[in-house]
Amino acid sequence: MKKLFVMLAATTALAGCATTAPMPVAVAEAPQAEAAPTPIAPKSALGSFGFDQAGMDTTVLPGNNFYQFANGTWAKNTPIPADKSNFGMFTMLDDLSKERTRTIIDEAAMDPSNKIGLAYATYLDTAAIEAKGLAPIKSWLDEIDALSSNAAYASLAAKAGKRGIGGPVGFYVGQDDKNPDRYVAQMGQSGLGMPDRDYYLSVDPKIAATRAQYLTHLTNVLTLAGRPNPAARAKAILDHETAVARVSWTRTDSRDATKTYNLMSLARLRSMAPGFDFGRYLSDSGVTVTEVIVAQPTAITGIARLVSRAPVQVLKDQLVVRTLDSYASVLPAAFDKEAFAFYGTALSGTPEQEVRWKRGVGFVTGSLADDVSKIYVERFYPPETKAKADELVRNVVDAMGRRIDGLTWMAPATKARARAKLANFTTKIGYPDRWQDYSALEIRSGDALGNAIRAAEWAHQDNISKLGAPIRRWEWGMTPMTVNAYANFGMQEIVFPAAILQPPFFDPNADPAVNYGGIGAVIGHEISHHFDDQGAKYDERGRLNEWWTEADRKSFEALTKQLVAQYDAYQIFPGASVKGAFTLGENIGDLAGVTVAYDAYRHSLGQSEAPVIDGTTGDQRFYLGWAQVWRRNYREANLRQRLITDPHSPSEQRVAVVRNMDPWYSAFGAKPGETLYLAPDKRVRVW
Ligand SMILES: [Zn+2]
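Before going further, it helps to examine the overall build of the protein. Regarding its fold elements, the protein presents 27 helices and twelve strands. Relative to the globule expectation of 26 Å for 687 residues, the C-alpha radius of gyration of the protein, 25 Å, shows essentially globular dimensions. For the protein, with 687 residues in total, the buried portion stands at 61%. In the protein, the share of contacts with a sequence separation of at least 24, taken over all contacts with a separation of at least 6, comes to 75%.

What follows is the structure in structure tokens.
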């Protein structure tokens with residue numbers, strides 16, 4: 001479990017449980033095909049001025065469905081590659097990142113002493129992996145089998161956690177929300193093999209079908225591991241996890257910064273949640289602490305009770321399955337295929353697994369991230385991009401400042417502090433100015449599994465070494481190869497990796513309207529996160545702290561309630577809708593982000609009007625630029641999973657946020673009676 005900064009878009013992890021995902025590195029979204037290492041030129045797909053007019057469907061009225069109007073022909077003509085759960089601009093750029101990264105790794109592989117090349121070659125050597133069978137992991141599986149009592153489980157769970165294998169609770173060291181100048185131990189609910197409690201508890205027949213596939217998966221893994229009576233044992237795991245799901249918090253509650261801030265002494269945690277030896281768990285995780293922040297206290301109490309009563313065999317079997325799934329990619333093919341059949345196909349709808357080399361790039365990029373990153377940015381990130389992006393960020397931040405000044409619902413004193421908060425932001429663009437040192441991480445030829453385990457242990461060690469140390473203001477939560485962006489409240493920062501500073505998000509030589517609608521709105525989105533329903537709880541020094549007046553808070557909540565209702569009304573499948581409260585932070589980010597990006601665009605024009613290009617006005621190209629970056633086709637299972645687990649609304653609904661903006665109506669002439677039309681007093685305006 002690793003918290004959590006708010007991202008621009010979700011990535012789709014393949015295996016493991018969402019609540020125990022380790023470092024949020026770029027995720028290996030599946031590739032298109034075995035491709036030549038020559039980078040594709042995305043700009044060629046985007047028309048002469050930056051917007052792809054050929055991809056529009058002008059038979060659709062923009063006021064009925066702006067997403068289809070802007071992207072309909074593209075959507076119809078763009079199949080999802082067999083090894084992807086979805087395909088759009090993010091996945092296209094992710095492919096480009098991987099192809100570029102492969103050239104770096106291939107060169108490194110010429111030098112046998114180079115860790116990058118060695119880790120990659122060893123990962124690709126599936127014959128060696130096959131020949132070894134389960135031998136490399138046998139001592140760990142034996143250790144699990146030796147568990148003889150529930151009381152000893154805490155120690156085993158801690159050892160699993162060090163290796164990135166999900167246990168009953170998640171643990172990491174992170175910034176203290178109320179005292180962001182220090183790091184503190186943090187703990188949260190965990191223990192599920194499916195991505196969310198809903199997968200265990202929902203009565204939706206589609207979800208129930210996935211649950212049945214999970215039971216099959218558990219049975220298959222236990223069979224492959226040579227365990228007798230696999231079906232009965234699988235059922236026992238599912239029953240145990242269903243009980244854990246019942247005591248687990250929803251994602252909506254789990255993203256509430258106030259509810260999840262529960263700093264307590266270790267003694268208090270022990271008395272609150274008897275049944276699990278938290279002292280032993282923490283010391284065997286490698287830390288000596290007297291206090292911890294517990295994200296979901298009632299869930300931790302429930303989980304401790306459940307693991308104290310569960311048959312020891314269930315705890316052992318669950319850990320065996322979790323181990324084999326977590327390391328499936330470096331185990332014999334039968335384990336790898338089985339993990340993909342559930343986590344790739346059943347949960348995400350992806351028919352085919354991605355080619356080995358792309359997964360190898362993902363592994364090396366995850367485990368030796370900065371060694372790869374520093375070569376990547378030297379080679380693929382032109383310095384002039386940074387200067388241009390800096391200017392855009394400044395313009396959008398200025399526009400946000402003018403918005404704050406103009407608010408009618410906020411008290412002057414609160415506005416002054418909001419202004420101070422904006423002035424204190426750190427903007428990170430491109431790549432970090434300091435790199436991690438992996439000299440302590442041993443990479444061995446012919447030991448793919450060992451390399452993966454040592455990489456996970458290295459990451460754990462690096463994380464816990466933060467306790468008592470100064471805050472790493474230089475640290476990044478994403479690699480420069482990642483097509484994404486994030487906001488981190490405690491750090492008061494907005495971060496834009498090199499790989500998102502490319503077309504169709506950004507091209508320093510393209511039409512400013514499309515740049516402001518693309519990367520400008522992305523920048524606005526990340527700035528606005530610091531003022532969303534959670535981010536706004538953090539003051540000008542990055543502290544979780546009440547800094548609003550009671551009246552300000554009430555006005556803000558009344559406005560955001562309208563936005564919750566607007567998104568709750570989007571039904572995607574029968575019985576499956578967007579969750580307005582769960583996606584609120586991201587929807588505020590989009591609403592305010594596109595609004596301030598538009599302001600910044602108009603401001604950049606000064607007194608003059610933008611030129612008409614190919615029959616479209618500057619305002620039209622701005623909103624079309626926003627619609628274009630969100631073009632994406634989904635497989636049904638992937639979209640269903642996202643409705644449950646992704647705090648971002650689906651692409652079509654993200655694009656539709658423009659229905660709240662007056663200039664969009666002027667630009668496209670949306671009228672009463674059209675699907676997206678909102679009367680002026682129904683348009684939500686927060687910032
Ligand atoms: Zn976001």
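The subject of this paragraph is the pairing of strand β3 (residues 169-176). In terms of burial, β3 is a largely internal element, eight of the eight residues being buried. In this structure, β3 lies alongside strand β4 (residues 179-189), joined through eight bridges in antiparallel fashion. Of the residues in β4, the one forming a bridge with G174 is V184. Turn length for the β3-β4 hairpin, with the two strands adjacent in sequence and antiparallel, is two residues.

Let us look at the sheet that holds strand β9 (residues 493-497). Strand-to-strand pairing in sheets goes through backbone hydrogen bonds, with the strands running parallel or antiparallel. The strand order β1-β8-β9-β7 describes an open sheet built from four strands, whose pairing is mixed. The open sheet has two free edges, formed respectively by β1 (6-7) and β7 (426-430), since each of these has just one partner strand. Both β7 and β9 contribute to a ladder of five bridges, which runs parallel. Looking at the pairing, T427 lines up with I494 of β9.

Quick look at unusual backbone geometry now. Leave glycine aside and you will find that most residues have negative phi; peptide bonds, for their part, are mostly trans. For the bond running from P503 to P504, omega is 10°, close enough to zero to count as cis. Secondary-structure assignment places P504 in the loop between β9 and α21 (512-529). Positive phi values are uncommon outside glycine, yet N229 reaches one of about 50°. Looking at the element boundaries, N229 is found in the loop between α8 (205-224) and α9 (230-247). Judged by its relative accessible area of 58%, N229 falls in the exposed class. Phi is positive for D614, which is not a glycine, with a value near 50°.

Our next topic: the packing of aromatic side chains. Inspection of every chain in the model, using the stated rule, returns 38 aromatic pairs. When the ring of Y665 is compared with that of Y677, the centres are 5.5 Å apart and the planes differ by 90°; the resulting orientation is edge-to-face. Of this pair, Y665 sits in helix α27 (residues 662-668) while Y677 sits in the segment after α27, and the two are twelve residues apart along the sequence. Counting every residue linked through ring pairs, the aromatic cluster contains W409, F425, F531, W547, W548, F556 and W687.

Turning our attention to the sheet that holds β3. Overall, mixed pairing links the four strands, which are arranged β3-β4-β6-β5 in an open sheet. Two strands lie at the open edges of the sheet, namely β3 and β5 (263-265), each paired on one side alone. With strand direction ignored, the average angle separating the axes of adjacent strands in the sheet is 40°. Sheet topology note: the β5/strand β6 (residues 291-294) ladder contains three bridges and is antiparallel. Pairing of M264 across the sheet is with V292, part of β6.

Moving on, we get to the packing of helix α18 (residues 383-406) against helix α23 (residues 584-605). Two elements in contact, α18 and α23, have axes separated by 8 Å at closest approach and are oriented at 110°. Overall, the two elements α18 and α23 adopt an arrangement that is roughly perpendicular. Listed contacts from α23 to N395, V396, A399, M400, R402 and R403 of α18 are T595, V596, D599, A600 and H603. Looking at the contact of α18 with α23, its residues break down into five nonpolar, three polar and three charged.

Turning our eyes to something else, we now look at the packing of helix α1 (residues 66-77) against helix α24 (residues 618-629). Between α1 and α24, the least distance of the axes is 9 Å, while the angle of their chain directions is 70°. Classed by the angle they form, the pair α1 and α24 counts as roughly perpendicular. Judged by the twist between their axes, the crossing of α1 over α24 is right-handed. Along the contact surface, α1 presents F66, F69, A70 and N71, while α24 presents Y623, L624, A627 and Q628. Residue classes in the contact of α1 with α24 are distributed as six nonpolar, two polar and no charged.

As a further point, take the nonpolar core. Core analysis: the biggest nonpolar cluster contains 201 residues, and F66, Y623 and W687 have the highest contact counts within it. Among the elements that line this core, the one with the most residues is α23, at eleven residues. Each residue touching F66, except ones within four places of it in the same chain, is listed here: Y623, L624, A627, V655, V658, W664, F668 and L676. Judged by nonpolar contacts, the second largest core, of seven residues, contains A257, I293, Y538 and L544.

Once that is clear, we can look at α18. When the terminal C-alpha atoms of α18 are compared, their 36 Å separation across 24 residues agrees well with the 34 Å that a helix rising 1.5 Å per residue should span. Buried within α18 are the following residues: T385, A389, L392, V393, V396, V397, A399, M400, G401 and I404. Packed against the buried residues of α18 are α19 (412-423), β7, β9, α21 and α23.

Turning next to the pairing of β4. Of all the eleven residues making up β4, eight are buried; the element is thus mostly covered by neighbouring parts of the structure. Both β4 and β6 contribute to a ladder of two bridges, which runs parallel. Considered in β6, the bridge of Q186 is made with I293.

Bringing the environment of M264 into the picture now. Looking at the secondary structure, you find M264 in strand β5. For the pair M264 and V294, spaced 30 residues apart in the sequence, the C-alpha separation amounts to 7.4 Å. In contact with M264, other than residues within four places in its own chain, are L269, M272, T290, E291, V292 and V294.

Before going further, it helps to examine the pattern of salt bridges. All told, the structure shown has 46 salt bridges when counted by the stated rule. For R472, the salt bridge goes to D462, with nearest N and O atoms at 3.0 Å. Residue R472 is found in the loop between α20 (448-464) and β8 (486-488), and its partner D462 is found in helix α20; the two are separated by ten residues along the sequence. Just as R472 is buried, D462 falls in that class too. Each of D204, K206, E636 and R640 takes part in a single network of salt bridges with overlapping partners.

With 94% of its residues at a pLDDT of 70 or more, the protein has an overall mean of 93. A low-confidence stretch, residues 12-44 stays under pLDDT 50, and its non-local contacts, those more than four residues away or across chains, total 92 contacts.

What counts, and where the lines are drawn
Residues numbered from 1 in each chain as written. Predicted model: local features only at pLDDT ≥ 70, side-chain atom pairs only at ≥ 80, totals over all residues. Heavy atoms only, no water. Helix = DSSP H or I, 4+ residues; strand = E, 2+ residues; numbered from the N terminus. Rg over C-alpha atoms; globule rule 2.2 N^0.38 Å. Buried < 20%, exposed > 50% of the residue type's maximum accessible area, 1.4 Å probe, protein only. Contact = heavy atoms within 4.5 Å. Pairing = 2+ DSSP bridges. Phe/Tyr/Trp six-rings, centres within 6.5 Å; stacked < 30°, edge-to-face > 60°. Axes fitted to C-alpha atoms, helices over the stretch in contact; angles between N-to-C directions. Parallel < 35°, antiparallel > 145°, perpendicular 65-115°, else oblique. Nonpolar A, V, L, I, M, F, W, Y, C, P; charged D, E, K, R; others polar. Left-handed = near helix turned anticlockwise from the far one by under 90°. Core = buried A, V, L, I, M, F, W, Y, C linked by side-chain atoms within 4.5 Å. Expected span 1.5 Å × (residues − 1). Salt bridge = Lys/Arg side-chain N within 4 Å of Asp/Glu carboxyl O. pLDDT = per-residue confidence, 0-100.

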